[in-house]
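Summary of structural features
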Amino acid sequence: MKIKESNTRLSHTKEAIQRDFAEHLKYTIDADIYHTTPSNRFTALAYAIRDRIIHQWDISRKTQRGSKRVYYLSLEFLMGRAMTNNLINMRLEDVAQKALMELGYTYEELADCEMDAGLGNGGLGRLAACFLDSMATMEIPCFGYGIRYNYGIFRQQITNGYQAEQPDRWLRNGNPWEIARPDLVYPVNFGGEVRVIRENERDSYKWVNTKVVNGMAYDMPIIGYGGKTVNTLRLWSAKAADDFSFKEFNEGDYTQAVRQKISAENISQVLYPNDTAYMGKVLRLEQQYFFVACSLADMTRRFKRERTSWSEFPAFAAIQLNDTHPSIAIAELMRILVDQEGLDWDPAWEITQSVMGYTNHTLLPEALEKWPVPMFEELLPRHLQIIYEINARFLQKAVSFFPFAAGSLSKVSIIEESSPKQIRMANLAIIGSHATNGVAELHSELLRTKMFPEFSTIYPDRFTNVTNGITQRRWLLAANPGLAKLITSAIGDGWITDFSQISKLKGFADDPAFLDDFAKVKRGAKDKACRFLKDDCSMILNPDTVFDTQIKRIHEYKRQLMNALSIILTYHRLKNDSSFRQSYHPTTFLFGGKAAPGYTLAKLIIKFICNISAVINSDKDTSKLINVFFMPNYRVTMAEAIIPATNLSEQISTAGMEASGTGNMKFMCNGAVTIGTLDGANIEIAREVGDENIFIFGKTESQLAKLRASYDPYEIILSDPQIKSASDLILSGYFNVSESGIFLPLQRALLDEGDRFFVLEDLKACNEASLKANAKIAQDPRGFDRMAVMNIASSAKFSSDRSIEEYASRIWHVDRCPVKINPDEDHCLNDARKR
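Predicted, not measured: the structure shown is a model, and the values here were computed from it.

1. Structural notes on the sheet that holds strand S10 (residues 211-223)
- Read from one edge to the other, the open sheet built from 9 strands follows the order S7-S10-S11-S4-S1-S12-S13-S17-S18, with strand pairing classed as mixed. Both outer strands of the open sheet, strand S7 (179-190) and strand S18 (463-465), are each paired with one neighbouring strand and no more. Ignoring strand direction, the axes of neighbouring strands in this sheet form an average angle of 25 degrees.
- For S7 and S10, the ladder comprises 9 bridges, and the chain directions are antiparallel. The residue bridging arginine 181 from the neighbouring strand is alanine 217, located in S10.
- Strand contacts of helix H12 (residues 329-340): strand S1 (69-73), strand S12 (317-322) and strand S13 (356-359), with the helix running at about 170 degrees to S13, the strand carrying the most contacts.
- Helix-sheet contacts for helix H18 (residues 441-451) involve strand S17 (435-438) and S18, and the interaxial angle to S18 is about 165 degrees.

2. What to know about the packing of aromatic side chains
- Applying the stated rule across the entire model yields 27 aromatic pairs.
- Summarising the aromatic geometry, the rings of phenylalanine 508 and phenylalanine 514 are spaced 5.4 Å apart at their centres and angled 45 degrees between planes, so their arrangement reads as tilted.
- Residue class for phenylalanine 508 comes out partly exposed when judged on its relative accessible area of 23%.
- Exposure remark for phenylalanine 514: the relative accessible area of 5% places this residue in the buried category.

3. A look at the nonpolar core
- With 152 residues, the main nonpolar core has Leu73, Met135, Phe290, Phe313, Ile319 and Trp812 as its most contacted residues.
- It is helix H10 (residues 278-306) that provides the largest number of residues to this core, a total of 12 residues.
- Residues in contact with tryptophan 812, not counting those within four places in the same chain, are Lys68, Val70, Tyr72, Met135, Ala318, Gln320, Ile804 and Tyr807.
- Membership of the second largest hydrophobic core comes to 126 residues, among which are Trp495, Cys530, Met539 and Ala726.

4. Side note on the pairing of S10
- Within S10, 11 of the 13 residues are buried, which leaves it mostly tucked inside the rest of the structure.
- Judged from the 11 bridges that link them, S10 and strand S11 (residues 230-240) form a sheet pairing that is antiparallel. From the neighbouring strand, isoleucine 222 faces S11, where its bridge partner is asparagine 231.
- Here S10 folds back onto S11, and the loop between the two strands holds 6 residues, one of which, glycine 226, carries a positive phi near 100 degrees.

5. Points about the pairing of strand S6 (residues 162-166)
- Sheet topology note: the strand S5 (residues 155-159)/S6 ladder contains 5 bridges and is antiparallel. Bridging across to S6, glutamine 156 finds its partner in glutamate 165.
- A loop of 2 residues connects S5 with S6, the two strands running antiparallel in sequence, and asparagine 160 in this loop sits at a positive phi of about 55 degrees.

6. What about the sheet that holds strand S24 (residues 695-696)?
- The sheet built from 6 strands is open, its strands ordered S21-S20-S19-S22-S23-S24 with parallel pairing. A single partner strand is all that each edge strand has here, and the edge strands are strand S21 (626-631) and S24.
- Looking at chain direction, strand S22 (residues 648-651) and strand S23 (residues 673-676) are connected through 4 bridges and run parallel. Bridge assignment links serine 649 to a residue of S23, and that residue is threonine 674.

7. Regarding the side chain of asparagine 360
- Turning to its location among the elements, asparagine 360 is positioned in the loop between S13 and strand S14 (370-372).
- Separated by 2.9 Å, the side chains of asparagine 360 and histidine 443 make a polar contact.
- Contacts of asparagine 360, omitting those with residues within four sequence positions, involve Asp323, Leu368, Asn437, Gly438, Val439, His443, Leu447 and Phe452.

8. Quick look at empty space enclosed by the protein
- Applying the stated criterion across every chain yields a total of 5 cavities of 30 Å³ or more.
- Counted as a void, the largest cavity has a volume near 360 Å³.
- Residue lining of the largest cavity: 29 residues in total, with Gly80, Arg81, Ala82, Glu114 and Met220 positioned closest to the centre.
- Within the residue set of the lining of the largest cavity, elements represented by two or more residues are helix H2 (38-64), strand S2 (77-80), helix H3 (83-89), helix H6 (123-137) and S10.
- Ranked by residue count, the leading element in the lining of the largest cavity is S10, at 4 residues.
- Split into classes, the residues belonging to the lining of the largest cavity amount to 14 nonpolar, 10 polar and 5 charged.

9. Focus: the environment of proline 365
- Secondary-structure assignment places proline 365 in the loop between S13 and S14.
- It is 38 Å that separates the C-alpha atoms of proline 365 and alanine 529, two residues lying 164 residues apart in sequence.

10. Here we look at the layout of surface pockets
- In this model, the second largest pocket occupies a volume close to 1300 Å³.
- If you go around the second largest pocket, you meet 36 residues; those closest to its centre are Thr84, Glu93, Ala478, Pro481 and Lys528.
- Where the lining of the second largest pocket is concerned, the elements lending two or more residues are H3, helix H4 (93-102), helix H5 (107-111), helix H20 (472-478), helix H21 (481-491), helix H22 (512-537) and helix H26 (636-642).
- Residue classes in the lining of the second largest pocket are distributed as 15 nonpolar, 5 polar and 16 charged.

Procedures and definitions
Sequence order as written defines residue numbering, which begins from 1 separately in each chain. Under the rules for a predicted model, residues below a pLDDT of 70 receive no local features and side-chain atom pairs below 80 are neither given nor counted, while totals for whole chains, interfaces and linings still include all residues. As a rule here, side-chain values cover all heavy atoms of the structure and leave hydrogens and water aside. Two strands are counted as paired when DSSP detects at least two bridges linking them. Put simply, DSSP marks the helices as runs of H or I at least four residues long and the strands as runs of E at least two long, and each gets a number from the N terminus on. Helix axes use the C-alpha atoms of the stretch in contact, all axes being lines fitted to C-alpha atoms, and the angles between their N-to-C directions lie in the range 0 to 180 degrees. Working rule for contacts: check all heavy atoms of both residues, and any pair within 4.5 Å makes them a contact. Only the six-membered ring of Trp is used, alongside the rings of Phe and Tyr, when aromatic pairs are assigned; centres must lie within 6.5 Å, and planes under 30 degrees apart are stacked while those over 60 apart are edge-to-face, with the rest tilted. The buried label applies to any residue whose accessible area, calculated with a 1.4 Å probe on protein chains only, is under 20% of its type's maximum; exposed applies above 50%, and partly exposed to all values in between. Side-chain atoms within 4.5 Å are what join buried Ala, Val, Leu, Ile, Met, Phe, Trp, Tyr and Cys residues into a set we call a nonpolar core. Pairing of N or O atoms within 3.5 Å defines a polar contact, subject to two protein rules: one partner must be a possible hydrogen donor and the other a possible acceptor, and residues neighboring in sequence count only if both atoms are side-chain atoms. Buriedness for pockets is judged along seven lines, at least five of which must meet protein on both sides within 12 Å for an open set on the 1 Å grid over protein atoms alone, while cavities are sets there where a 1.4 Å probe fits but cannot get out, and lining residues have an atom within 4 Å of a point. Grid points are joined across faces, edges and corners, and a volume is the space filled by probe spheres set on the points. Any residue outside Ala, Val, Leu, Ile, Met, Phe, Trp, Tyr, Cys, Pro, Asp, Glu, Lys and Arg is labelled polar, Gly included; the first ten of those are nonpolar and the last four are charged.

Encoded structure:
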């Protein structure tokens, strides 16, 4: 029997939101007019919005039951703030703002109380977040699986130019978007031993005497645009199986009484613990297995509830491994199928390969994960046995491809015969999946031809490309509302869910009125960015200058160092060339990004940039023309402020080393023009936008490959007077007067150690591209705005919706599952009845 219910939580009216906001403030938070804070009010609003999400979340789960789902396994999900994104996707932003205004609040003051969910370190985690948004919008059933880190990527402080890592307490005020699931707890085993028992004429493997850590689920809703489909991001938190010892407590050993609790919960404590020490490596491996084991246990529980035969598992699940971090899932699924479910090896292996897909994200050999066999054996002894068996069976087949080539067999083996032996997780991922994809055309080609050519010979049909993308709803509609409004006024709002329509904007690239409006929008974004940086880190920027921005993880191959050296070339010329000073358009160079805690050279690059900033910004001869800032604690919220304000986007990685990049796409769709190398997705961006609307420079991957053997960085300095003068300036201590010798490691990397990333080789071309862009802005500002509009209009390919469409059709073979929206009907009483 249907029961009609009246519930304001289903209503999207201003009055209903006001009432629920007030009720949550009073009855959920217990706050009144005398005891409330902005954080309380933010939480009350989040709960009011979450109530409306939960209704559609419930409908989505019921509708998707029985459908094939994508299970996206990622150690990182860089979600940022959720409030604005959720309101926009629920189509509630205007209603919520009006509701708050009538109560005497501004939406911005409440939204700014939200902490960034910094559960990632860069492109990998932000890509995962974009993919979740796209799948929900495109009505593709999906679960994202990761770890609920108590502390996200560290909060970066800059002290005297040096990076200092501080804990990122993103959960200090709680997370109102998440739902704790204490009913979903799975035991995860570590250590112990494996016993072989003969049962029913077959060997059975029993993993015994293990240390058990429990994984508890926390769910966050992922709302598709329009509010129809709500998918789930399920994050696991580590809990001790026995978190308190009364015996030891009563004996007075209070520390030992809670030691097991502390040890267990360390697993989900921090994103990417420093792995320069052995125990850091152990913790990373524990993290990876922990979330994979919980996730597969959760999948198999759901499978058994909905299906009966394991042969149906490939029609139930598509498991995507976002890089090698979750690749232990291959061995874990085999353990479940063979040891727990009793399947024979061959059908279990066929199922495993059928459901697994692997996305590679790196071209740096040292970034491909390897684990020492002794460590692996100590933590996961049964999985080591399974990996050895996988490897032995694979090599028996691989030998037919390389009958007289032991070296080739050694390269494809999962086990690296070093001292100690290492497990190559990328090899396991390729062998154990049915598809391996790169994330840009060049990257995918180099995977086949340079990084894994032997695997390409064995599995020619498994390698494919899916170029990365970003969600235009987060990075244009939400991050840049002024530009979004201008675009919609010109071409309608269809681009929000069908980004191919953004190409209609090309018809406005020569429209004087549109270009005037675009310039006003860009200036408004700059004013907003200036306010943000003043409030966030006390930086004072001039919005009338060109904003030239490089914001990304600090790494040698991303070449922030080359950008800094190029700035020194420009600064040195401004100091000594009066005619150049007169023609140069004032520019503010912005850097942002975090260096891994154990990456000493990357941290020194930050120090170098900060020292350059201190000298250049205080130079009265040039400070009105050139300024440099390193923005501390770069995160999603900062990116949402800076990207819309940027004129020039620095994408200058060494050709052949950046897998794709996604920052380049975010800048592009916000009307920044790229200064870049032919690397990663830059190649495809250049093709889409045309050579006349981008500033490309530098050697190509193939040119650098030919140059490497004979490359002499000393020759670059000695043969170029401009670079020699700038080099002499640096070596003289001009940028480190009272800190003698601190930059010698950078000097050694560039000169004595061969300049592995070709910084000096591409430096002159980098500087020339920068000056060419500056001259375009100075001499033809309308023409530059046209270039910016053409970048926006040419960005259709780089929507994550297109990426997901390709994954769904070519790798996952999963269909859309439309969910109806019905805000007027609620069945919570029926659901609450005892069954």
